[in-house]
Amino acid sequence: MSKPAFSFEFFPAKTEQGHEKLLSTYDELNKLSPSYFSVTYGAGGSTRSRTLDIVQALCTRGDTGVAPHMSCIGDDKSEIAELLTHYKSLGINRIVALRGDLPSGQVGMGELPFALDLVKFIREHSGDHFRIEVAAYPEMHPQARSFDSDIDNLVNKFQAGADAAITQFFYNADSYLYLRDTLEKRGVDTVTKPLVAGIMPITNSSNLMRFADSCGADIPRYVRKQLADFGDDRKAIREFGFDVVYRLCERLISEGVPAMHFYSMNKVEPNKRLVEELGLTT
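Before going into details, it helps to say that this report is about the structure given with it. A quick note: this is a predicted structure, and the numbers were derived from the prediction, not measured. (Residues numbered from 1 in each chain as written. Predicted model: local features only at pLDDT ≥ 70, side-chain atom pairs only at ≥ 80, totals over all residues. Heavy atoms only, no water.)

### Some thoughts on the overall build of the chain
For the chain, the helix and strand inventory stands at 10 helices and eight strands. For 282 residues, the compact-globule estimate of 2.2 N^0.38 gives 19 Å, and the chain sits close to it at 18 Å. Within the chain, the proportion of its 282 residues that are buried is 51%. Sequence-distant contacts, at least 24 apart, represent 79% of the contacts inside the chain between residues at least 6 apart. When the accessible surface of the chain is summed, it comes to about 13300 Å², and 46% of that surface belongs to carbon and sulfur atoms. The distance from the centre of the 32 positive side-chain charges to the centre of the 38 negative ones in the chain is 2 Å. (Helix = DSSP H or I, 4+ residues; strand = E, 2+ residues; numbered from the N terminus. Rg over C-alpha atoms; globule rule 2.2 N^0.38 Å. Buried < 20%, exposed > 50% of the residue type's maximum accessible area, 1.4 Å probe, protein only. Contact = heavy atoms within 4.5 Å. Areas by Shrake-Rupley, 256 points an atom, 1.4 Å probe, with all protein chains shown as cover. Lys, Arg positive; Asp, Glu negative; His and termini not counted. Charge placed at Lys NZ, Arg CZ, Asp CG, Glu CD.)

### Comments concerning the pairing of strand β7 (residues 195-199)
The buried fraction of β7 amounts to five of the five residues, a majority that puts the element mostly inside the structure. Covered by surrounding structure in β7 are Leu195, Ala197 and Ile199 together with Val196 and Gly198, the residues of both alternating faces. In this structure, strand β6 (residues 164-167) lies alongside β7, joined through two bridges in parallel fashion. Among the inter-strand pairings, Ala165 is bridged to a residue of β7, identified as Leu195. Since β6 and β7 lie parallel, the crossover through helix α6 (residues 173-185) that links them has a hand, and here it is right-handed. (Pairing = 2+ DSSP bridges. Right-handed = clockwise from strand over helix to strand, strands pointing away.)

### Some details on the environment of Phe230
For Phe230, the location among the structural elements is in helix α8 (residues 221-230). Look at Phe230 and you get partly exposed, because its relative accessible area is 24%. Those residues within four positions of Phe230 in sequence are excluded, and the remaining contacts are Ala236, Ile237 and Phe240.

### Overview of the nonpolar core
The nonpolar side chains of a soluble globular protein tend to be buried with one another. The biggest cluster of nonpolar side chains holds 88 residues, and the ones touching the most others in it are Phe169, Tyr171 and Met260. Residue contributions to this core peak at 10 residues, all from helix α9 (residues 234-254). Those residues within four positions of Met260 in sequence are excluded, and the remaining contacts are Pro4, Ala5, Phe6, Ser7, Val196, Ala197, Ile199, Cys249, Ile253, Leu278 and Leu280. (Core = buried A, V, L, I, M, F, W, Y, C linked by side-chain atoms within 4.5 Å.)

### Details of the state of the cysteines
Taken as a whole and assessed by the stated rule, the structure comprises zero disulfides. The cysteine Cys72 is free of any disulfide, with Cys215 supplying the nearest cysteine sulfur at 19 Å. (Disulfide = S-S within 2.5 Å.)

### Concerning the environment of Gln226
Examined against the element boundaries, Gln226 turns out to sit in helix α8. For Gln226, a relative accessible area of 28% translates into the label partly exposed. With 43 residues separating them along the chain, Gln226 and Glu269 place their C-alpha atoms 21 Å apart.

### Quick word on the pattern of salt bridges
Throughout the structure, instances matching the rule amount to 13 salt bridges. Note that Glu133 is salt-bridged to Arg94, the shortest N-O span being 2.4 Å. In this pair, Glu133 is assigned in strand β5 (residues 131-136) and Arg94 in strand β4 (residues 94-98), connecting sequence segments 39 residues apart. Classification of Glu133 by relative accessible area gives buried; the value is 1%. Judged by relative accessible area, which is 18%, Arg94 ranks as buried. Within the structure, one salt-bridge network assembled from shared partners comprises Arg94, Arg131 and Glu133. (Salt bridge = Lys/Arg side-chain N within 4 Å of Asp/Glu carboxyl O.)

### Side note on the sheet that holds strand β2 (residues 36-39)
Taken together, the eight strands give a closed barrel; going around it, the order is β1-β2-β3-β4-β5-β6-β7-β8, and neighbouring strands pair in parallel fashion. Here the strands of the sheet are splayed against their neighbours by 30° on average, with no regard to which way each runs. For strand β3 (residues 65-71) and β4, the ladder comprises three bridges, and the chain directions are parallel. Of the residues in β4, the one forming a bridge with Met70 is Ala97. Docked against the sheet, α6 engages β5, β6 and β7, running at close to 165° with respect to β7. (Axes fitted to C-alpha atoms, helices over the stretch in contact; angles between N-to-C directions.)

### Regarding the layout of surface pockets
Its volume calculated, the second largest pocket comes out at about 270 Å³. Looking at the second largest pocket, it is lined by 17 residues, and the ones nearest its centre are Thr203, Asn207, Phe211, Met265 and Lys267. Broken down by class, the residue content of the lining of the second largest pocket amounts to nine nonpolar, five polar and three charged. (1 Å grid on protein atoms, 1.4 Å probe; cavity = no way out; pocket = protein on both sides within 12 Å on 5 of 7 lines; lining within 4 Å. Points joined across faces, edges and corners; volume = space filled by probe spheres on them. Nonpolar A, V, L, I, M, F, W, Y, C, P; charged D, E, K, R; others polar.)

### With respect to the packing of α6 against α9
Relative orientation and spacing of two packed helices are given, respectively, by the angle between their axes and the distance between those axes. Look at α6 against α9: their axes get within 10 Å of each other, and the N-to-C directions meet at 30°. On the basis of their axis angle, the class for α6 and α9 is roughly parallel. In this structure, the crossing between α6 and α9 has a hand that is right-handed. Residue-level inspection shows Ala173, Asp174, Tyr176 and Leu177 of α6 in contact with α9, the latter providing Leu248, Arg251 and Leu252. (Parallel < 35°, antiparallel > 145°, perpendicular 65-115°, else oblique. Left-handed = near helix turned anticlockwise from the far one by under 90°.)

What follows is the structure in C-alpha cells.
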C-alpha cells in the first residue's frame, strides 16, 4: 500500500516574535519533507499583508512548495488578479481557493461572492498555471441548505477547474469515506481529483470545542466526555488526543486516503510525532 502524501497549514503570526517562531516551526516540519505548506488568509483581506509576508519568507527559506489561501468574499477582481500575478512572480503554482467568512461590519459580497466564482476566475486569469485546492465538508458546511446541496457545490467546484479538495477537520472516518464515495457516484474521479483529509491534532480541549462550534465539525461524544473528565490535565489531554488522531489517521490510511493536510496551529508537536509514528516519512 502506498503511503499518503502529507502537508501542513500555517496561519500568519500577529507579532514579530510569533513570526520568528513560525519560521522555526517551518524549519522543523520541513525536515519531514511534506508536499507543501499552506498559509491562511483572512476574509476580506484582513490578514493580507501578514499572509504575503509569511508566504514570501517561506518561498525563500526552502524548496518546499507554498500554497497561499485566497478568499474572495469582499474583494474585487482587480485585487485578486493582482495577487495571482504576484504569486506567479514568486514561483507559486498552488492556491487554496475559499469563499471566506464575511468580516463583521463589512457590507457587500464583492464581485466574486463564492468559492466557485473564485475557481472560475483563477482559471480565466491564469489558465492551468495554478493547482487549485478547494474546501470540502464531510459533515456539511454549517451554512449549507442540505447535504445534497453541499455536495452539488463541491462537484461544481471540481467541474469549474478545482484539482483537489481539502476537508474540514473531522474525527469520524466514516464521514470522510461517505463523502468520497458520494463524489465517485456523482462522477468525480477521486484518483485524479483527490479528497485530502484535513487533520486537526488535539492538544487543547477548549480551543478544539471553539473551532468545532464555529465550523460545524462534530466532536464525538466519547471525546468530549473524556476531555471534560481530564479537566486541566494538559499532559493527559495531549496523550489522549494523540491516540484519537493517530487511530483516525490509521483508519484513513487503511482505506486508501491519498493525502492528509495537518492543521498545525503553528506548532511542531504533535504534528511531527504523528507523521513519524504513522510512518509517512519512511
